[in-house]
Amino acid sequence: DGARPAVLLTGPVMEDVVEHQLSARCTLVPIETLDASNAAGVRAIATRGKVRVDDALMARLPDLEIVANFGVGYDTVDAAAAARRGVMVTNTPDVLNEEVADLTLGLLLATVRDIVQADRFVRAGGWKAAAFPLGPTLRDRTVGILGMGRIGKAIARRLDAFSVPVVYHTRRPQPDVSYRYYPHLVDMARAVDVLVVIVPGGPATRHLVNAEVLAALGPDGIFINVARGTVVDEAALLAALKERTILAAGLDVFEDEPNVPEGFLALDNVVLLPHVGSSTRYTRGAMGQLVVDNILSWLDGAGPLTPVAETPWPKA
Ligand code: NDP
């Protein structure tokens, strides 16, 4: 049916929410089936970050108008290239803020209070032999947040309730928060003993957290990354954990997911999660709905709901 717009799927995108609803109005084209016969007519891409939506892929789609990313982080979409081509890019902001902030506090508490190690201790029968050793505390710590955007603010609000002081580093001070601002990350790392990372991935933030920042965080330092694996120099982090130049880390994200460097697996001072920041049925459903709503709104001529910064709407 020539009148049905086609939507390219770069992989499975929440079959029961996204694919189910889009298939009522569109022809779905799984990327494995993309060829010269069906490339024309693809007006939208729905993507989840496994496959890069780069300039070369967009070049194959002469009728492409919109790329809808499932997830607020769209570092696997070349949004600058899309902008040059006049292609709209959308993401799924806000609907996941509270969920990701919940997980971040859980990961922070698990890391500081050895919750995962304590569970392993009970399962291994250790409690019958001895009490669990006394461990580190969140009390008297200051938390430095790298990134004070939508999710960073939701994390900070939770820390307020825990009576833990919050400071932050971003490129510019955020007008709507009263936490102390550090213009330089390394200065903030020196001043705090918990560093929580929640900035976007991509080239601009690559290895922002390097050996110097980790050294500044210091031997009592706790490092939590719920942003992207690329933001931290993983080799430097592994060395810091091994040599105990920082105390512990909680990681939800890695440079080459799902491959977690072997070195981490052997350490007892790191909590490892499989990128689950937003992964509940409730929040993933809301994210999927926003992907659908962006594409259908666009196809209806009503514009995107949540365009990214590189492709503003209405056009400047
Ligand atoms: P926002 O765009 O609302 O906030 C991003 C923050 O990062 C802003 O405060 C921004 O401030 C700051 N920032 C951006 N670039 C830099 C830089 N180079 N140096 C210092 N600070 C910087 O994003 P969200 O809060 O909605 O999401 C943040 C990221 O979290 C996402 O892009 C995604 O990668 C990740 N994420 C991870 C999840 C998981 O499952 N683990 C789930 C959801 C999101 P300024 O521009 O002033 O520098």
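*Asks:* Would you explain the sheet that holds strand S7 (residues 166–169) in this entry?
*Replies:* Strand pairs in the sheet, formed through backbone hydrogen bonds, run parallel or antiparallel to each other. Here we have seven strands laid out as an open sheet, ordered S8-S7-S6-S9-S10-S11-S12, and parallel in their pairing. What marks the edges here is a single partner per strand, and that holds for strand S8 (180–181) and strand S12 (270–272). Sheet topology places strand S6 (residues 143–146) next to strand S9 (residues 194–197); four bridges connect them, and they run parallel. Bridged to Ile145 within S9 is Val196. Contacts between helix H10 (residues 234–242) and the sheet are confined to strand S10 (222–225), strand S11 (248–251) and S12, with S11 contributing the most and set at about 140° to the helix.

*Asks:* What should I look at first to understand the nonpolar core in this one?
*Replies:* Note that soluble globular proteins tend to have their nonpolar side chains buried in a common cluster. Formed by 50 residues in total, the largest nonpolar core has its most connected members in Leu108, Ile145, Ile155 and Ile295. Here the element with the most residues in this core is helix H12 (residues 281–299); it accounts for seven residues. If sequence neighbours within four positions are ignored, Leu108 has contacts with Leu138, Leu159, Val194, Ile222 and Ile224. Formed by 32 residues, the second largest nonpolar core is a distinct cluster that contains Val209, Ala227, Ile246 and Phe264.

*Asks:* Before we go on, may I ask you to explain the confidence of the model for the chain in this structure?
*Replies:* If pLDDT is low for a region, its predicted coordinates should not be looked at in detail. Of the residues in the chain, 99% reach a pLDDT of 70 or more, and the chain-wide mean stands at 97. Predicted complex metrics record ipTM = 0.99 and pTM = 0.98.

*Asks:* Hey, could you run me through the sheet that holds strand S1 (residues 6–9) in this one?
*Replies:* Taken in spatial order, the five strands of this open sheet run S2-S1-S3-S4-S5, and their pairing is parallel. Pairing within the sheet leaves two strands with one partner each, and these edge strands are strand S2 (27–30) and strand S5 (88–90). Taken pair by pair, the neighbouring strands of this sheet meet at an average axis angle of 20°, ignoring direction.

*Asks:* Explain unusual backbone geometry to me, please; I cannot follow it from the model alone.
*Replies:* Backbone geometry follows two general trends: most residues other than glycine have a negative phi, and most peptide bonds adopt the trans configuration. Here the bond from Glu257 into Pro258 is cis, since omega is 5°, no more than 30 degrees from zero. In this fold, Pro258 is placed in the loop between S11 and helix H11 (262–265). With an omega of -5°, the peptide bond running from Trp313 to Pro314 counts as cis. Along the chain, Pro314 falls in the segment after H12.

Criteria and cut-off values
- Residues numbered from 1 in each chain as written.
- Predicted model: local features only at pLDDT ≥ 70, side-chain atom pairs only at ≥ 80, totals over all residues.
- Heavy atoms only, no water.
- Pairing = 2+ DSSP bridges.
- Helix = DSSP H or I, 4+ residues; strand = E, 2+ residues; numbered from the N terminus.
- Contact = heavy atoms within 4.5 Å.
- Axes fitted to C-alpha atoms, helices over the stretch in contact; angles between N-to-C directions.
- Core = buried A, V, L, I, M, F, W, Y, C linked by side-chain atoms within 4.5 Å.
- Buried < 20%, exposed > 50% of the residue type's maximum accessible area, 1.4 Å probe, protein only.
- pLDDT = per-residue confidence, 0-100.

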